[in-house]
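Chain by chain, the residues:
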Amino acid sequence: MVNPIGDSGGPRHVAIIMDGNGRWATQRGRPRLFGHHAGAKRVREVVSGCPEFGVKYLTIFAFSTENWKRTQVEVSGLMSLFRRYIARETRALFEKNVRVRFIGDRVQLDDKLVQLMDDLEQQTKSCTGVNLTIALNYGGRDEVARATKRLAEDVKAGKLDPADVNEETLPRYLDTHVLPDPDLVVRTSGEARISNFLLWQSAYAEYEFVDTLWPDFTAEELGRLVARYGTRERRFGGVAV
Ligand code: IPE
Ligand code: IPE
Ligand code: MG
């Protein structure tokens, strides 16, 4: 199944791999966490730019299932940044009519953080503007494995017939089940890889790899990428007409 694109011909759903915080800090002779703080500050502006560009869904990669491999100092600094960020931004997000959701495995996250995530989701539940999805402790393979486990449980419980497992039913078990697939995936910092982000969902996404380090990324740059997307021809395996 493919998604219709936005009315304007622009991407309805943009997903961003926010990379390069560490290098941004190192270039300034500062600890990596300084870069993560600077990166978190960029999110507000980028979210604010979305309505103007016709972007209805924005999904951002904040922490991967592989990021636990980093030093304890960096991991705990990031977790505390997430807690502070959520507590600080909840009101502003609500006032901007932004509906926030989280994807990823919450089981390994600390209770306080999970509580803040739940509260933010609840408090913005009635918002009808931009849909902001934050991928936190998210990995595409992990997501497919967790989905498969739940699907198998439904089969075992007689709720799902194996004959009905297909491209329509399987995604209902993914964390992203209420979201359309991304039309455009952007990665900052010059790396041209997807690092386990939205593997199933990005099957037909367009990709943009830009050199800008995430703390330098602006709404204006997003606007340029959105405009360029409008010039691309998406064929979904068919033939140009
Ligand atoms: C992205 O920036 C943020 C996270 C992965 C949490 P990095 O921390 O990966 O920055 P670089 O890639 O080391 O510059
Ligand atoms: C991907 O960036 C994860 C996030 C942006 C949260 P990484 O910096 O972790 O990816 P690799 O290690 O370069 O593949
Ligand atoms: Mg990185």
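What comes next is a walk through the structure. (Residues numbered from 1 in each chain as written. Chains lettered and ligands numbered in written order. Predicted model: local features only at pLDDT ≥ 70, side-chain atom pairs only at ≥ 80, totals over all residues. Heavy atoms only, no water.)

A word on the overall build of the chain. When helices and strands are tallied, the chain shows six helices and six strands. Reading the chain from its N end, one meets helices and strands in the order β-α-α-β-α-β-α-β-α-β-β-α. Each of the three principal axes of the chain carries a C-alpha extent, and together these read 55 × 45 × 35 Å. Counting over 241 residues, the chain shows a buried share of 51%. The contacts in the chain between residues at least 6 apart in sequence include a share of 76% that link residues at least 24 apart. Looking at the chain as shown, the accessible area adds up to about 12,400 Å², and 52% of this sits on carbon and sulfur atoms. Of the charged side chains in the chain, 35 are positive and 33 negative; the average position of the first set lies 5 Å away from that of the second. (Helix = DSSP H or I, 4+ residues; strand = E, 2+ residues; numbered from the N terminus. Buried < 20%, exposed > 50% of the residue type's maximum accessible area, 1.4 Å probe, protein only. Contact = heavy atoms within 4.5 Å. Areas by Shrake-Rupley, 256 points an atom, 1.4 Å probe, with all protein chains shown as cover. Lys, Arg positive; Asp, Glu negative; His and termini not counted. Charge placed at Lys NZ, Arg CZ, Asp CG, Glu CD.)

A separate point is the site of ligand 2. As a structural note, the neighbourhood of ligand 2 is formed by I17, M18, D19, F61, A62, F63, N67, R70, R187, R193 and S195. Between ligand 2 and R70 there is a distance of 3.2 Å, counted from an oxygen atom to a side-chain nitrogen or oxygen. For ligand 2, an oxygen atom lies 3.3 Å from a polar atom in the side chain of R187. If ligand 2 stood free it would expose 390 Å²; the protein chains cover 78% of that surface. The cavity that encloses ligand 2 is the largest pocket. (Near = heavy atom within 4 Å. Polar contact = N/O pair within 3.5 Å; in protein donor to acceptor, adjacent residues only side chain to side chain. 1 Å grid on protein atoms, 1.4 Å probe; cavity = no way out; pocket = protein on both sides within 12 Å on 5 of 7 lines; lining within 4 Å. Sits in = over half its atoms within 2 Å of the grid points.)

Turning to empty space enclosed by the protein, a few remarks are in order. Scanning the model with the defined rule gives one cavity of 30 Å³ or more in all. As for the largest cavity, its lining consists of V43, R44, V47, Y85, E89, L93 and K96. Listed by contribution, the elements that provide at least two residues to the lining of the largest cavity are α2 (32-53) and α3 (72-95). Of the residues in the lining of the largest cavity, the class split is four nonpolar, no polar and three charged. (Points joined across faces, edges and corners; volume = space filled by probe spheres on them. Nonpolar A, V, L, I, M, F, W, Y, C, P; charged D, E, K, R; others polar.)

Tallied over the full model, the rule gives nine aromatic pairs. Note on F61 and Y138: the rings are 5.9 Å apart at their centroids and 80° apart in plane angle, and the pair reads as edge-to-face. Taken together, the residues span a long stretch of sequence, with F61 in strand β2 (residues 57-64) and Y138 in strand β4 (residues 131-138) at a distance of 77 residues. Each member of the pair, F61 as well as Y138, carries the same accessibility label: buried. Arranged with centres 5.9 Å apart and planes meeting at 5°, the rings of Y207 and F209 form a pair that is stacked. Judged by its relative accessible area of 26%, Y207 falls in the partly exposed class. Overall, F209 belongs to the partly exposed group, its relative accessible area being 36%. Members of the aromatic cluster, connected to one another through ring pairs, are F61, Y138 and F197. Directly above the aromatic system of F34 lies the positively charged group of R30, at a separation of 3.9 Å from the ring centroid. (Phe/Tyr/Trp six-rings, centres within 6.5 Å; stacked < 30°, edge-to-face > 60°. Lys NZ or Arg CZ within 6 Å of the ring centre and 35° of its normal.)

Turning our eyes to something else, we now look at the packing of α2 against helix α6 (residues 219-229). At a minimum axis distance of 8 Å, the contact between α2 and α6 shows a crossing angle of 40°. Where α2 crosses over α6, the two elements pack in a sense that is right-handed. On α6, the residues touching E45, V46, G49, C50 and F53 of α2 are A219, E220, L222, G223 and V226. Partitioned by chemical class, the residues of the contact of α2 with α6 number six nonpolar, two polar and two charged. (Axes fitted to C-alpha atoms, helices over the stretch in contact; angles between N-to-C directions. Left-handed = near helix turned anticlockwise from the far one by under 90°.)

With that settled, the discussion passes to the sheet that holds strand β1 (residues 13-17). The strands making up a sheet associate through backbone hydrogen bonding, with each pair oriented either parallel or antiparallel. The parallel open sheet is built from six strands, whose spatial order is β3-β4-β2-β1-β5-β6. The open sheet is flanked by β3 (99-103) and β6 (206-209), the only strands paired with a single partner. Across the sheet, the mean angle from the axis of one strand to that of its neighbour is 20°, orientation sign disregarded. Alignment of β1 against strand β5 (residues 184-187), held across four bridges, turns out to be parallel. Bridge pairing in β5 places I17 opposite R187. Together, β1, β2 and β4 form the strand contacts of α2, whose direction differs from that of β2 by roughly 160°. (Pairing = 2+ DSSP bridges.)

It is worth stressing that arrangement in space is one thing and function is another; only the former is reported here.
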